[in-house]
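One-letter residues, chain by chain:
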Amino acid sequence: MQDKKISLVTGASSGLGRDIAKLLCAKEHIVYVTARRKELLEELKKECSEEKGEIRIISGDLTDSKVRINLISQILKQAGKIDYLINNAGYGKLINLENVEYKDIEGMFQLNAVAGEHLVAPACCKRKL
Ligand SMILES: NC(=O)c1ccc[n+]([C@@H]2O[C@H](COP(=O)([O-])OP(=O)(O)OC[C@H]3O[C@@H](n4cnc5c(N)ncnc54)[C@H](OP(=O)(O)O)[C@@H]3O)[C@@H](O)[C@H]2O)c1
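Residues numbered from 1 in each chain as written. Predicted model: local features only at pLDDT ≥ 70, side-chain atom pairs only at ≥ 80, totals over all residues.

### Here's the deal with the site of the ligand
Taken together, 19 residues surround the ligand, and among them Gly-11, Gly-15, Arg-36, Arg-37 and Gly-90 come closest. When residues in the shell around the ligand are grouped by element, the largest group, three residues, is from helix H1 (residues 15-26). Residues belonging to the shell around the ligand are distributed by class as follows: seven nonpolar, nine polar and three charged. (Near = placed C-beta within 6 Å. Helix = DSSP H or I, 4+ residues; strand = E, 2+ residues; numbered from the N terminus. Nonpolar A, V, L, I, M, F, W, Y, C, P; charged D, E, K, R; others polar.)

### Details of the sheet that holds strand E3 (residues 54-57)
For sheets, the rule is that strands pair by backbone hydrogen bonds, running either parallel or antiparallel. One open sheet accounts for four strands, arranged E3-E2-E1-E4; its pairing is parallel. Only two strands of the sheet have a single neighbouring strand rather than two, namely E3 and strand E4 (84-86). Strand after strand, the sheet turns through a mean of 20 degrees between neighbouring axes, direction not considered. Pairing of strand E1 (residues 6-10) with E4 involves three bridges; the strand directions are parallel. Paired with Ser-7 across the strands is Tyr-84, a residue of E4. (Pairing = 2+ DSSP bridges. Axes fitted to C-alpha atoms, helices over the stretch in contact; angles between N-to-C directions.)

### Considering the nonpolar core
Ranked by size, the top nonpolar core spans 26 residues in total, and within it Leu-8, Val-9, Ala-12, Ala-21, Val-31 and Val-33 carry the most contacts. Those elements that provide at least two residues to this core are E1, H1, strand E2 (30-34), helix H2 (38-47), helix H3 (65-79) and helix H4 (102-125). Setting aside chain neighbours within four positions, we find Val-31 in contact with Ser-7, Val-9, Ala-21, Leu-24, Cys-25, Gly-53, Glu-54, Ile-55 and Arg-56. (Core = buried A, V, L, I, M, F, W, Y, C linked by C-beta atoms within 7 Å. Buried ≥ 20, exposed ≤ 12 C-beta atoms within 10 Å, placed from the backbone. Contact = placed C-beta atoms within 7 Å.)

Rendered as structure tokens:
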């Protein structure tokens, strides 16, 4: 079991998630970061290389339940626990209703609503996924 705090920040490739990941890394956490754009996560890891904590990358699309299951499984296998889950990944399309495509309705629901619920219980309780 790790002595250091273990955090998971979703949507860490940009914006708020990226800043939170940097902050936690500076506070000595082992920070698991995830998003689809792996190259941006690699940049973040490089930027944080002098910090007291550590950035660990597991990239993927969180609208996919298999990706979510793999993410939590990998972290629990490697670190044994998740102390903080920052469920930040999300998106919204501000367009007229008649122009909304089905894949966006499903994608937004999966990411903004389902992913949080799906990640949080096993992350907190080590419940079976
Ligand atoms: N900024 C605002 O005005 C505002 C308003 C209301 C709510 N919010 C919400 O607050 C949170 C942070 O906002 P922000 O402005 O910092 O957002 P942002 O810069 O757009 O960052 C969103 C993050 O979510 C990730 N993401 C998007 N789709 C994903 C997917 N399918 N799988 C995995 N990761 C995905 C993105 O990474 P990849 O693209 O690399 O996957 C990115 O790292 C978001 O959930 C946003 O929806 C923001």
